[in-house]
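# Summary of structural features
Here's the letter readout for the chains.
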Amino acid sequence: ELVDGALATSGDYYNYFKSEEVVYSHIFDPIEGKPVKNDIASVSVIAPTCMLADGLATMLLSMGVSRGLSLVESYDNGEALFIMRAEDDQFITYQSSGFGDFL
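Residues numbered from 1 in each chain as written. Predicted model: local features only at pLDDT ≥ 70, side-chain atom pairs only at ≥ 80, totals over all residues. Heavy atoms only, no water.

### Concerning the nonpolar core
- Within the largest apolar cluster, 19 residues are counted, with the highest numbers of intra-cluster contacts made by Ile40, Val43, Val45, Leu60, Ala80 and Phe82.
- Listed by contribution, the elements that provide at least two residues to this core are strand 6 (40-47), helix 1 (50-63), helix 2 (65-74) and strand 7 (79-85).
- Looking at this core element by element, the count peaks at six residues for helix 1.
- The residues contacting leucine 60, other than those within four sequence positions of it, are Ile40, Val43, Val45, Gly68, Leu71, Val72, Ala80 and Phe82. (Core = buried A, V, L, I, M, F, W, Y, C linked by side-chain atoms within 4.5 Å. Buried < 20%, exposed > 50% of the residue type's maximum accessible area, 1.4 Å probe, protein only. Helix = DSSP H or I, 4+ residues; strand = E, 2+ residues; numbered from the N terminus. Contact = heavy atoms within 4.5 Å.)

### Some points on the layout of surface pockets
- When its volume is computed, the largest pocket comes out at roughly 380 Å³.
- Going through the elements one at a time, strand 2 (16-19), strand 3 (22-25), strand 6 and strand 7 are the ones with two or more residues in the lining of the largest pocket.
- The residue inventory of the lining of the largest pocket, partitioned by class, reads eight nonpolar, three polar and seven charged.
- Looking at the second largest pocket, its volume works out to about 190 Å³.
- What lines the second largest pocket is Asp29, Pro30, Ile31, Val36, Lys37, Asn38, Met59, Ser62, Met63 and Arg67.
- Looking at which element gives the most residues to the lining of the second largest pocket, the answer is helix 1, with three residues.
- Split by residue class, the lining of the second largest pocket holds five nonpolar, two polar and three charged. (1 Å grid on protein atoms, 1.4 Å probe; cavity = no way out; pocket = protein on both sides within 12 Å on 5 of 7 lines; lining within 4 Å. Points joined across faces, edges and corners; volume = space filled by probe spheres on them. Nonpolar A, V, L, I, M, F, W, Y, C, P; charged D, E, K, R; others polar.)

This is the structure:
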């Protein structure tokens, strides 16, 4: 049970298209101005407010796992779970150091 906080998830598991084995998200990279191209299916964030959790989830998805985990680890009030696509329709998860406390 999540008390005094919020959980939000951002992902492209419903809204994406695939071209030449590359998955293109409906979420745009703010720097490139193009759809995000990475293997992240979703990012879930726990934060003090839903607005913050939602914004962080979308931002972390666009940043990628390495940069996203680095950012969330430097932030005192947020934890994140990344779900990545792997080969053969499998998934790999990565989580920030404190995310497991909520499971």
